[in-house]
Amino acid sequence: MENLNPQREQWGSRIGFILAASGSAIGLGNLWRFPYITGKNGGAAFLFIYLIMLVVIGFSLILAELAIGRHTQRNTLGAFKKLDKRWTFVGVIGIIAGFVILSFYSIIGGWTIAYIIRSLTGAFTGDTAEVFTSLISNPWEPIVYHGIFMAMTAAIVYAGIGNGIEKASKIMMPALFVLLLIVVVRSVTLEGASKGLEFYLKPDWSQVTGSTILAAMGQVFFSLSLGMGCMITYGSYLNREENLPKSAAIIPILDTLMAFLAGLAILPAVFAFGVDPGEGPALMFITLPSIFAQMPLGSFFAFIFFVLVLLAAITSAISLLEVCSSYVIDEWEWPRKKATVVLAIVIFLLGVPSSLSQGAVSINIFGLSFLDAMDFLASNILLPAGGMLIAIFCGWSWGIKNAVDEITNRGRLSFKFAPIWGIIIKFIAPIAIFIVFLNATGVLKMILGS
Ligand code: TRP
């Protein structure tokens, strides 16, 4: 395969890239965040809006990001700088988002490590809500696990792209899929699960408000690793022969499949065990152990499952760290090792207040815990803003013609959707994101005077 830039690392193979990019997309966003956000936002109607957002905005933007990345062969910030200096700030937003997301992502990753250990010691036989609360309200324990999670993530990024990221993704993705299927079967056959199925699959439109739509949009961005240049960075390691439209379709499909299955595993159990679906970030951690407790060889399955959740989280976390470190490596000319270690330490420190805010100390911002506030800031503000700007940049500054040229490998591939894609990127995506944003923040109401 042609390597345009021999100094720059590239993916070892096509499947390696697909797995690594899906590895970035599939993570805690699917297994932990999607079920609880769906639960909080009324179930099936949310799922439906999510799917629409995914098809229209998710697919178009992932393609735009991959094209920008492969064309420039740069990190997020470098890519904008190369194409049009005035847009460099979009890269800055992306890197800030990466920092913020990884700081709380690593806390949840740490909880997963704690759960792996607890599944070995048989802690999940009693009150699983109590197990969870006592973990997260402990001032030290989650921070220690958060440190371990960051260290594992940094170790892989430290080892470099092909070596670390590709190998890790190749094994865990299929394994996770199979195990998730087993858990789904147990969950939907629990007594009382049918209420949960109805909640998840039968839309109740009265639940939908502006903030439901913002939440769905935020989840699309979060789950597909969009809006911060993560896919620009991953695209930059691609060679010129890769079929971008195909990759841009496969990644969202795999990602959505995993999220859908996670919802199907968790939400029926929520109803079967009488947990509140609006419970929030705790949802997965409270219901899953109860499901495992109802399975033969439960603690064995629990152990394997949480190991796989951890691996899925790590393949996503490395992509977040990679965005930040590839910037520092390319632009500040730091060696990879130094960049990775320094960034990991800074992000670890930023995560500490998120961890403490879960019960040890009360740290609230606008009525949200510090962790939830960081999540809201990143997922519902920085990522959509970044995504909107990336779409505007791609449609108006770089130009649809240049982008399509890149997407079709200079006309050698056919891309039937090019005209629709161009319209979405130039008009629909930026406008839709803007309206959803104004609507959810109440600004639209103020303007319309109602
Ligand atoms: N998409 C990942 C998940 O679902 C999280 C993630 C990785 C991410 N890289 C990202 C989210 C970049 C936003 C932007 O768990």
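Structure shown above.
Predicted model, so just to flag it, every value in this text is computed and none were measured.

Definitions and cut-offs
- Going along each chain's sequence as written, the residues are numbered from 1 onward.
- Residue-level local features of this predicted model are given only where pLDDT is at least 70; pairs of side-chain atoms are given and counted only at 80 or more, and the full residue set underlies all totals for whole chains, interfaces and linings.
- To get the side-chain values, take all heavy atoms of the structure and skip hydrogens and water.
- Strands are runs of DSSP state E lasting at least 2 residues, helices are runs of H or I lasting at least 4, and numbering of each runs from the N terminus.
- Note that the radius of gyration is over C-alpha atoms, with the globule rule given as 2.2 Å times the number of residues to the power 0.38.
- Think of it in three bands: with a 1.4 Å probe and only protein chains considered, a residue is buried below 20% of the maximum accessible area for its type, exposed above 50%, and partly exposed in between.
- Note on definitions: a residue-residue contact is assigned when non-hydrogen atoms from the two residues lie within 4.5 Å.
- Charge assignment: positive for Lys and Arg, negative for Asp and Glu; neither His nor the chain ends contribute.
- Where a charge lies is defined by one atom per residue type: Lys uses NZ, Arg uses CZ, Asp uses CG and Glu uses CD.
- Pairing of N or O atoms within 3.5 Å defines a polar contact, subject to two protein rules: one partner must be a possible hydrogen donor and the other a possible acceptor, and residues neighboring in sequence count only if both atoms are side-chain atoms.
- Centre distance within 6.5 Å is the pairing criterion for rings of Phe, Tyr and Trp, where only the six-membered ring of Trp is used; planes under 30 degrees apart are then read as stacked, over 60 as edge-to-face, and the remainder as tilted.
- Whether a charge sits over a ring depends on NZ of Lys or CZ of Arg being within 6 Å of the ring centre and within 35 degrees of the ring normal.
- Should a side-chain nitrogen of Lys or Arg be within 4 Å of a carboxyl oxygen of Asp or Glu, the pair is scored as a salt bridge.
- Nearness is judged by heavy atoms alone; a residue qualifies as near a molecule or strand once a single heavy atom is within 4 Å of it.
- We get accessible surface area from the Shrake-Rupley algorithm with a probe of 1.4 Å; when it comes to residues, only the shown protein chains can shield them.
- Just so you know the grouping, Ala, Val, Leu, Ile, Met, Phe, Trp, Tyr, Cys and Pro go in nonpolar, Asp, Glu, Lys and Arg go in charged, and all remaining residues, Gly too, go in polar.
- The set of buried Ala, Val, Leu, Ile, Met, Phe, Trp, Tyr and Cys residues whose side-chain atoms join them within 4.5 Å is what this entry labels a nonpolar core.
- Here, the arc refers to the directions that run from the helix axis to the C-beta atoms.
- A patch consists of residues whose relative accessible area exceeds 30% and which take part in no salt bridge; residues with like charges are grouped when within 9 Å of each other, and nonpolar side chains (Val, Leu, Ile, Met, Phe, Trp, Tyr) when within 5 Å.
- Axis lines are fitted to C-alpha atoms, over the contacting stretch for helices. Their N-to-C directions set the angle, which ranges from 0 to 180 degrees.
- With the far helix as reference, a near helix turned anticlockwise by less than a right angle produces a left-handed crossing, and one turned clockwise produces a right-handed crossing.
- Note that a disulfide, as used here, is simply two cysteine sulfur atoms within 2.5 Å.

**With respect to the overall build of the protein**
The number of helices and strands found in the protein is 18 helices and two strands. Relative to the compact-globule value of 22 Å for 450 residues, the protein shows a C-alpha radius of gyration of 21 Å, a close match. Over its C-alpha atoms, taken along the principal directions, the protein stretches across nearly 60 × 55 × 40 Å. Here the protein holds 450 residues, and 60% of them are scored as buried. Look at the contacts in the protein between residues 6 or more apart in sequence, and 82% of them connect residues 24 or more apart. When the 27 basic and 24 acidic side-chain charges of the protein are each reduced to a single mean position, those positions are 9 Å apart.

**Quick notes on the environment of S206**
Position of S206 among the secondary structure elements: in the loop between helix 9 (193–201) and helix 10 (210–223). The class for S206 is exposed, based on a relative accessible area of 64%. Measuring from C-alpha to C-alpha, the distance between S206 and G42 comes to 9.0 Å, with 164 residues separating the pair along the chain. Of note is the side chain of S206, whose polar atom sits 2.6 Å from the side chain of D204.

**Some words on the packing of aromatic side chains**
All chains considered together, the criterion is met by 25 aromatic pairs. Ring centres 5.6 Å apart and planes at 55° place the aromatic pair F292 and F305 in the tilted group. Of this pair, F292 sits in helix 13 (residues 283–293) while F305 is found in helix 14 (residues 298–331), placing the two residues 13 residues apart along the sequence. A relative accessible area of 2% places F305 in the buried class. In this structure, R33 is placed above the aromatic ring of F222, and the distance from its NZ or CZ to the ring centre is 4.8 Å. The ring of W334 has K338 sitting right over it, with the charged end atom 4.1 Å from the ring centre.

**Quick look at the pattern of salt bridges**
Per the counting criterion, the structure on display carries 10 salt bridges. Between R336 and E322 there is a salt bridge, with the nearest N and O atoms lying 3.1 Å from each other. You can see R336 sitting in helix 15 (residues 336–356) and its partner E322 sitting in helix 14, a full 14 residues away along the chain. Of the two residues examined, R336 and E322, each falls in the buried class. Sharing partners across several salt bridges, the network here consists of R70, R240, D405, E406 and R410.

**Here we look at the site of the ligand**
Neighbouring residues of the ligand: 17 residues in total, closest A25, G29, Y105, F222 and S225. Separating an oxygen atom of the ligand from a backbone N or O atom of A25 is a distance of 2.8 Å. The fraction of the free accessible surface of the ligand (360 Å²) that becomes covered by protein chains is 100%. The set of elements that each furnish at least two residues to the shell around the ligand consists of helix 1 (14–25), helix 2 (28–40), helix 5 (88–120), helix 10 and helix 14. Tallied by class, the residues present in the shell around the ligand amount to nine nonpolar, eight polar and no charged.

**What about the nonpolar core?**
Generally speaking, soluble globular proteins have nonpolar side chains that are buried together. Membership of the largest hydrophobic core comes to 156 residues, with the highest contact counts inside it found for Y105, M284, L288, F292 and W421. By residue number, the principal contributor to this core is helix 14, which donates 19 residues. If sequence neighbours within four positions are ignored, W421 has contacts with S60, L63, A64, C394, I400, A403, V404, I407 and F415.

**As for the side chain of S316**
Locating S316 in the fold gives a position in helix 14. Looking at S316, its side chain comes within polar contact range of the main-chain oxygen of S24, at 2.9 Å. S316 has contacts with G23, S24, I26, G27 and Y105, leaving out every residue within four places of it along the chain.

**A short note on helix 6 (residues 128–136)**
Each α-helix turn comprises 3.6 residues. Residues three or four places apart therefore point the same way. Within helix 6 the residues assigned to the buried category are T128, V131, F132, L135 and I136. Taken down its axis, helix 6 places every buried residue within 115° of arc, on the same side.

**A word on a nonpolar patch on the surface**
A surface patch of nonpolar side chains, about 580 Å² in accessible area, is lined by W396, I423, F427, I428, I431 and I435. Mapped onto the elements, F427 comes out in helix 17 (residues 418–440). F427 sits in the partly exposed class, given a relative accessible area of 39%.

**Comments concerning helix 9**
Those residues of helix 9 that fall on the buried side of the exposure criterion are A193, G196, F199 and Y200. All buried residues of helix 9 fall inside an arc of 115° around its axis, so they share one side. Facing away from the buried side of helix 9 by more than 90 degrees, the exposed set consists of S194 and K195.

**Quick notes on the side chain of T287**
On the secondary structure map, T287 appears in helix 13. Excluding anything up to four places from it in sequence, T287 contacts I266, A269, V270, F273 and V275.

**Remarks on the environment of L54**
Note that L54 resides in helix 3 (residues 44–72). C-alpha of L54 to C-alpha of P252: the two residues are 198 residues apart in sequence and 7.7 Å apart in space.

**Re the packing of helix 5 against helix 15**
Interaxial distance between helix 5 and helix 15 falls to 8 Å at its minimum, and their mutual angle equals 65°. Between helix 5 and helix 15 lies a crossing of right-handed hand. For the pair formed by helix 5 and helix 15, the contact residues are F99, V100, L102, S103, F104 and I107 on the first element and L343, V346, I347, L350, G351, S354 and S355 on the second.

**Here we look at the state of the cysteines**
Tallied over the entire structure, the rule returns zero disulfides. Left unpaired, C230 is separated from the closest cysteine sulfur, that of C324, by 9.5 Å. Take C230: its relative accessible area is 1%, and that puts it in the buried class. We classify C324 as buried; its relative accessible area is 1%.

Remember that the coordinates give geometry; whether it matters functionally is a separate question.
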